[in-house]
Amino acid sequence: MRKWLQELAPSLLAVGVAMAASALVVWSTGGSPTRAFQALVDGAFGSRDSLAEVAVKACPLLFTGLAVALAFRAGIWNIGAEGQLLAGALSLAAVARTLAGLLPAPLALFVGLTAAAAAGGAWAALAAALKLRRGVNEVIATIMLNFIAAALVSYLVQGPLMERGGSYPQTDALGPEFLLPRWPPYRLHLGLVLALLAAAIIHFGLFRLRVGFELRAAGLNPVAARLAGIPVQRRLFWAFAVSGALAGLAGGVELSAVTRRLYERFSPGWGYTAIAVGLLGRLSPAGVVFAALFFGALDAGSNAMQRSAGVSAVVVYVVQGCVILFLAAFERWRGNGASAR
């Protein structure tokens, strides 16, 4: 119990300090922190519709947060979940256009989501190959691949994949056989179940299987892991690829269940927010579930905060930034404390 609290304390402290800092920002701009946070909570938890919306907002963050957590556990700084998510969405859009009307519903959806995961994995494998074969820093490689993926989406939705009517820079709406089921009257969809299943599988793989132990060992000390006979290079490559596949699946699920069309600025930055989700969740699949719900609640409640309290929804980004900043500060402080002892 004490160990569990020690592990959780930095995340709770970071959230508390981040909320205090955000309240200070609201107050300094003439707003009322009490009214703002009350509106935020009401917007996120005030009704069944709000709760469903929290789950919808949390779904892509859960997939991408798991992607980041898995990569970081292996000692890989995968900053490219954004690009991998876009690659997944793009792949599903291309498959849906090519196979429209050719496959029955369950098979078409399976093929589309598999293509999305494969595309995300392949996009991450590019960065993995550059790191393992050429020694290219994965942070630089994945950030560059993010920009390339965004540019590719922009080109394709204005060119080869543009809707047939040609009115807007977006793809045609997906056919009904490529859509994930929803639970009317809400936007809640089956993707959340898939995301929770993915979290359970990643947890089992990381903490119950030998390959997960080897992956964590490679992340903690690659030299010692190599001396122990662990194939470090192979483990890192597959960790990178699976991480990308999770992010690609996030793009596929969001396209299939929510937007149903691909367009420019398809992602509001889920791949980047995922870094905060993974860190706040302490790189644990269970922790990532709660962190994704927390950030989903912030996102869902931000519009109500702006509407009811007159406080800009951008304050949510202040909270996200502060969480990362204070988590890093707490970890540094703890590290210095341990060294001093």
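Note that the structure is a prediction, hence the values are computed from the model and not measured.

### A short note on the environment of leucine 145
Then, in step 1: With respect to the secondary-structure elements, leucine 145 resides in helix α6 (residues 138-157).
Then, in step 2: Residue classification places leucine 145 among the buried positions, given a relative accessible area of 11%.
Then, in step 3: Sequence separation between leucine 145 and alanine 81 is 64 residues; the distance between their C-alpha atoms is 9.7 Å.
Then, in step 4: If we ignore the near neighbours within four places in the chain, the residues touching leucine 145 are Gly83, Trp123, Leu126 and Ala127.

### Description of the packing of aromatic side chains
Then, in step 1: Throughout the structure, instances matching the rule amount to five aromatic pairs.
Then, in step 2: With a centroid separation of 6.2 Å and 80° between ring planes, the pair formed by phenylalanine 266 and tryptophan 270 is classed as edge-to-face.
Then, in step 3: By relative accessible area, which is 4% here, phenylalanine 266 ends up buried.
Then, in step 4: Looking at tryptophan 270, the relative accessible area reads 11%, which means it is buried.
Then, in step 5: Here a set of aromatic residues connected by ring pairs shows up, and it is made of Tyr263, Phe266 and Trp270.

### Structural notes on the nonpolar core
Then, in step 1: Ranked by size, the top nonpolar core spans 104 residues in total, and within it Phe63, Leu246, Leu255, Leu262, Phe266 and Phe295 carry the most contacts.
Then, in step 2: With 14 residues, helix α3 (residues 48-73) is the largest single contributor of residues to this core.
Then, in step 3: Sequence-distant contacts of phenylalanine 266, defined by excluding residues within four places in its chain, comprise Leu85, Leu86, Ala89, Gly251, Glu254, Leu255, Thr259 and Arg261.

### Brief notes about the packing of helix α11 (residues 270-280) against helix α12 (residues 285-309)
Then, in step 1: Remark: α11 packs on α12, axes separated minimally by 8 Å, with the N-to-C direction vectors making an angle of 130°. Between α11 and α12, the angle is such that the two are oblique. Crossing hand, α11 versus α12: right-handed. Here Thr273, Ala276, Val277, Gly278 and Leu280 of α11 lie close against α12, whose contacting residues are Val288, Ala291, Ala292, Phe294 and Phe295.
Then, in step 2: Taken together, the residues that form the contact of α11 with α12 break down as eight nonpolar, two polar and no charged.

### Some thoughts on the environment of asparagine 303
Then, in step 1: Checked against the element boundaries, asparagine 303 lands in helix α12.
Then, in step 2: Taking C-alpha positions, asparagine 303 is 7.5 Å from glycine 43, a pair spaced 260 residues apart along the chain.

### Describing the side chain of glutamate 138
Then, in step 1: Counting through the fold element by element, glutamate 138 comes out in helix α6.
Then, in step 2: Reaching out from glutamate 138, the side chain makes a polar contact with the backbone nitrogen of tryptophan 77 at a distance of 3.0 Å.
Then, in step 3: Of note is the side chain of glutamate 138, whose polar atom sits 3.1 Å from the side chain of lysine 131.
Then, in step 4: Apart from the residues lying within four places of it in its own chain, the contact partners of glutamate 138 are Gly75, Ile76, Trp77, Lys131 and Phe240.

### Here we look at helix α8 (residues 210-220)
Then, in step 1: Looking at α8, one finds that the buried residues are Gly212, Glu214, Leu215 and Ala218. The arc enclosing the buried residues of α8, seen along the axis, measures out at 160°, which places them on a common side. Looking at α8, the residues exposed on the side facing more than 90 degrees away from the buried face are Arg210, Phe213 and Leu220.
Then, in step 2: Buried residues in α8 make contact with α3, α7 (191-208), α9 (222-227) and α10 (232-259).

### Quick word on the confidence of the model for the chain
Then, in step 1: Per-chain confidence: the chain averages 89 in pLDDT, with 96% of residues scoring 70 or above.
Then, in step 2: Model confidence for the chain, summarised as mean pLDDT per element, is weakest for helix α13 (residues 315-340) at 73 and strongest for helix α4 (residues 81-98) at 96.

### Brief notes about the environment of alanine 87
Then, in step 1: Within the fold, alanine 87 resides in helix α4.
Then, in step 2: Linking alanine 87 and arginine 208, residues 121 residues apart in sequence, is a C-alpha distance of 31 Å.
Then, in step 3: Not counting chain neighbours up to four residues away, the residues in contact with alanine 87 comprise Ala119 and Trp123.

### Quick notes on a nonpolar patch on the surface
Then, in step 1: Residues Val41, Phe45 and Leu51 make up a contiguous nonpolar surface patch of about 280 Å² in total accessible area.
Then, in step 2: Accessibility expressed as a relative area gives 44% for leucine 51, which makes it partly exposed.

Conventions used here
- Residues numbered from 1 in each chain as written.
- Predicted model: local features only at pLDDT ≥ 70, side-chain atom pairs only at ≥ 80, totals over all residues.
- Heavy atoms only, no water.
- Helix = DSSP H or I, 4+ residues; strand = E, 2+ residues; numbered from the N terminus.
- Buried < 20%, exposed > 50% of the residue type's maximum accessible area, 1.4 Å probe, protein only.
- Contact = heavy atoms within 4.5 Å.
- Phe/Tyr/Trp six-rings, centres within 6.5 Å; stacked < 30°, edge-to-face > 60°.
- Core = buried A, V, L, I, M, F, W, Y, C linked by side-chain atoms within 4.5 Å.
- Axes fitted to C-alpha atoms, helices over the stretch in contact; angles between N-to-C directions.
- Parallel < 35°, antiparallel > 145°, perpendicular 65-115°, else oblique.
- Left-handed = near helix turned anticlockwise from the far one by under 90°.
- Nonpolar A, V, L, I, M, F, W, Y, C, P; charged D, E, K, R; others polar.
- Polar contact = N/O pair within 3.5 Å; in protein donor to acceptor, adjacent residues only side chain to side chain.
- Arc of directions from axis to C-beta.
- pLDDT = per-residue confidence, 0-100.
- Patch = residues over 30% accessible without salt bridge, like charges linked within 9 Å, V, L, I, M, F, W, Y side chains within 5 Å.
- Areas by Shrake-Rupley, 256 points an atom, 1.4 Å probe, with all protein chains shown as cover.
- Salt bridge = Lys/Arg side-chain N within 4 Å of Asp/Glu carboxyl O.

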